[in-house]
Amino acid sequence: MNELQFIAERLLAQINSASALQELETLRVQALGKQGEISNLMKNLGSLSPEERKERGALLNALRDQITTSLEEKKEILEAAQLQERLEKEKIDITLPARPQVLGTIHPISQVMYEMIAIFRNMGFSVAEGPDIEEDFYNFTALNIPLEHPARQDHDTFYLPALDEGTERRVLRTHTSPVQIRSMLKKKAPLRIIAPGRVYRSDYDATHTPTFHQIEGLYVAEGVHMGHLKACLQTFCEQMFNQPQLPLRFRPAYFPFTEPSAEIDIACYRKEGQLIVGPGQDWLEILGCGMIHPKVLENCGIDSTKYQGFAFGMGIERVAMLKYGIPDLRSFYEADLRWLRHYGFSAFEALMEGTSE
Ligand code: PHE
C-alpha cells in the first residue's frame, strides 16, 4: 500500500467512527484546513519535477475529493441523528389533559353573542363595529333625536367632558344604534350588518346595570318592508331558542329612528318560579325594531325614495338569562368564580364565530 492510500484509509476510518459533529469538524480541519495534512502535501508539489508533479497532483486531488465527499456524507448522517434526538427529547405529549384548576370558561354573554352572530351570518349579515365612546351626533342627532328631544332623557346618558371649548361633548354610547349611522355613511346602500357590543346607561337596580350588551341589526335595500323584518326576527328567535313556531307578538312602539316601530315579545310561561320560553300565557319583551325612518336614511346620504330598510336592537343579557336560566342580571358582572364555573361554557364546545368585517 502506498503512502497516499495509507493516509486515505486512516482518514476514512476516522471519519467513519466520528460520533459528533464537532469531532467531524476537527477531522476536516486536520485534513483539509490551511495547515491540514492534505493541504501540506499539496504545498510540497512545487518541489517536484513537472512530470512527477502532474502525476502526484492528480492523486492528491483525488484524495482530497474523496475525503471531502466522505466528510459531507458523514455530516448529513450526524445531523439527521441530532435532529432525531431533539425530536425525541423535545416531544410534547398532546394527549396530556389540561389542568382543570386553571381552565377558564367562556362567559355566557360571549357565548350568546357568538350564537347570535352565527344565526345572522347564515342570513347574510356581516359584523360591524363602532366605538364605545361616541359622538353626540352618531348616538342621537343623526338618529333623529335632536338636542331637546325628550327621548334623550330616556337614555340616562353618561356624558364626557368636551375635549375643547366649542366642541360637542362625547357620550358613552347608550345603544348600538350609532353603528347604523356609521355603517350607512361609510358603505351606503345596500347594506346588511349586525353590530354587537357594549352599551352604557346610568341606571342600577335588579334589572338594570350601567354596562350591558346589545346587538343591532340593519338591512337596507330596495323594496324592503315589514314582512322582511318579521321573517328575519321570527327565524332568529326560533333558532336562538331552538323552538320551531315560537309565538312572537309585535306590539306598536315608538323610536325616533324607526317608523313604524314595534317591540317584539316572545311567548313564555313560569314553572317553579322560573321563566321558560315557549307557548304559554306570558309574554316577555326582547327587542325593539322598525322600518328605518326616511330622515335617518337621508342623514346618511341614502335616497329614501329608492331604498328602505329595517333595524332592530336587542339586549344580549336578557336573551342569555332566558336561554340559560340565569336568574339575576347583576351576577353577569360580579366575576364570582363559582358563578362563572357554573354558567360558563367550555372553550372546546363554545361556538366561536366572532370575526369582524
Ligand atoms: N336602540 C333601541 C334601544 O336601545 C333599540 C332599537 C334599535 C329600536 C333599532 C329600533 C331599531 O332601545
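Residues numbered from 1 in each chain as written. Predicted model: local features only at pLDDT ≥ 70, side-chain atom pairs only at ≥ 80, totals over all residues. Heavy atoms only, no water.

## Some remarks on helix α8 (residues 178-187)
So, step 1. Taken residue by residue, α8 has Pro178, Val179, Gln180, Ile181, Ser183 and Met184 as its buried positions.
So, step 2. Backbone geometry just after α8 places Lys188 at a positive phi near 55°. (Buried < 20%, exposed > 50% of the residue type's maximum accessible area, 1.4 Å probe, protein only. Helix = DSSP H or I, 4+ residues; strand = E, 2+ residues; numbered from the N terminus.)

## Structural notes on the confidence of the model for the protein
So, step 1. Of all residues in the protein, 96% have pLDDT values of 70 or greater, and the mean over the chain is 91.
So, step 2. No element of the protein has a lower mean pLDDT than helix α7 (residues 151-154), which averages 73, and none a higher one than strand β10 (residues 308-315), which averages 98.
So, step 3. Below a pLDDT of 50 lies the segment residues 353-357, which in the model reaches 13 contacts outside its immediate sequence neighbourhood of four places, other chains included. (pLDDT = per-residue confidence, 0-100. Contact = heavy atoms within 4.5 Å.)

## Description of the packing of helix α5 (residues 108-122) against helix α11 (residues 316-324)
So, step 1. Where α5 meets α11, the closest approach of the two axes is 9 Å, and the angle between their N-to-C directions is 95°. Of the possible angle classes, the one that applies to α5 and α11 is roughly perpendicular. Across the interface between the two elements, Pro108, Ile109, Gln111, Val112, Met113, Glu115 and Met116 from α5 touch Ile316, Glu317, Val319, Ala320, Lys323 and Tyr324 from α11.
So, step 2. Split into classes, the residues belonging to the contact of α5 with α11 amount to nine nonpolar, one polar and three charged. (Axes fitted to C-alpha atoms, helices over the stretch in contact; angles between N-to-C directions. Parallel < 35°, antiparallel > 145°, perpendicular 65-115°, else oblique. Nonpolar A, V, L, I, M, F, W, Y, C, P; charged D, E, K, R; others polar.)

## Quick look at the environment of Ile77
So, step 1. For Ile77, the position within the fold is in helix α4 (residues 50-89).
So, step 2. For Ile77, a relative accessible area of 54% translates into the label exposed.
So, step 3. A sequence separation of 58 residues divides Ile77 from Ser19, and the C-alpha atoms of the two residues are 9.9 Å apart.

## So, the site of the ligand
So, step 1. Near the ligand, the surroundings consist of 14 residues, among which His175, Ser177, Arg201, Gln214 and Glu216 are the closest.
So, step 2. Between a nitrogen atom of the ligand and a side-chain N or O atom of Ser177, the distance comes to 2.9 Å.
So, step 3. Between an oxygen atom of the ligand and a side-chain N or O atom of Gln214, the distance comes to 3.0 Å.
So, step 4. Considered on its own, the ligand offers 320 Å² of accessible surface; in the complex 91% of this is hidden by protein.
So, step 5. The set of elements that each furnish at least two residues to the shell around the ligand consists of β5 (211-221), β9 (282-292) and β10.
So, step 6. Each residue belonging to the shell around the ligand can be placed in one class, and the counts come to five nonpolar, seven polar and two charged. (Near = heavy atom within 4 Å. Polar contact = N/O pair within 3.5 Å; in protein donor to acceptor, adjacent residues only side chain to side chain. Areas by Shrake-Rupley, 256 points an atom, 1.4 Å probe, with all protein chains shown as cover.)

## Regarding the domain arrangement of the protein
So, step 1. Domain parsing of the protein yields domain 1 (3-90) and domain 2 (110-355).
So, step 2. Put simply, the middle of domain 1 and the middle of domain 2, counted by C-alpha atoms, are 77 Å apart. (Domains from an automatic or database assignment.)

## What to know about the side chain of Gln243
So, step 1. Position of Gln243 relative to the elements: it lies in the loop between α9 (226-240) and β6 (248-255).
So, step 2. Beyond its immediate sequence surroundings of up to four residues, Gln243 is in contact with Glu238, Val277, Gly278 and Pro279.

## Considerations on the pattern of salt bridges
Here the idea is simple: oppositely charged side chains can pair when their charged atoms come close.
So, step 1. Per the counting criterion, the structure on display carries 15 salt bridges.
So, step 2. Of the charged contacts in the structure, one is a salt bridge between Glu37 and Arg10, with a shortest N-O distance of 2.5 Å. Residue Glu37 is located in helix α3 (residues 37-43), and its partner Arg10 is located in helix α1 (residues 3-17); the two are separated by 27 residues in the primary sequence.
So, step 3. On the basis of relative accessible area, Glu37 is assigned to the partly exposed category, the value being 27%.
So, step 4. The residue Lys306 makes a salt bridge to Glu222 at a minimum N-O spacing of 4.0 Å. Taken together, the residues Lys306 in the loop between α10 (294-299) and β10 and Glu222 in the loop between β5 and α9 connect sequence positions 84 residues apart.
So, step 5. What you see here is one network of salt bridges that share partners, running through Arg249, Arg251, Glu263, Asp265 and Glu285. (Salt bridge = Lys/Arg side-chain N within 4 Å of Asp/Glu carboxyl O.)

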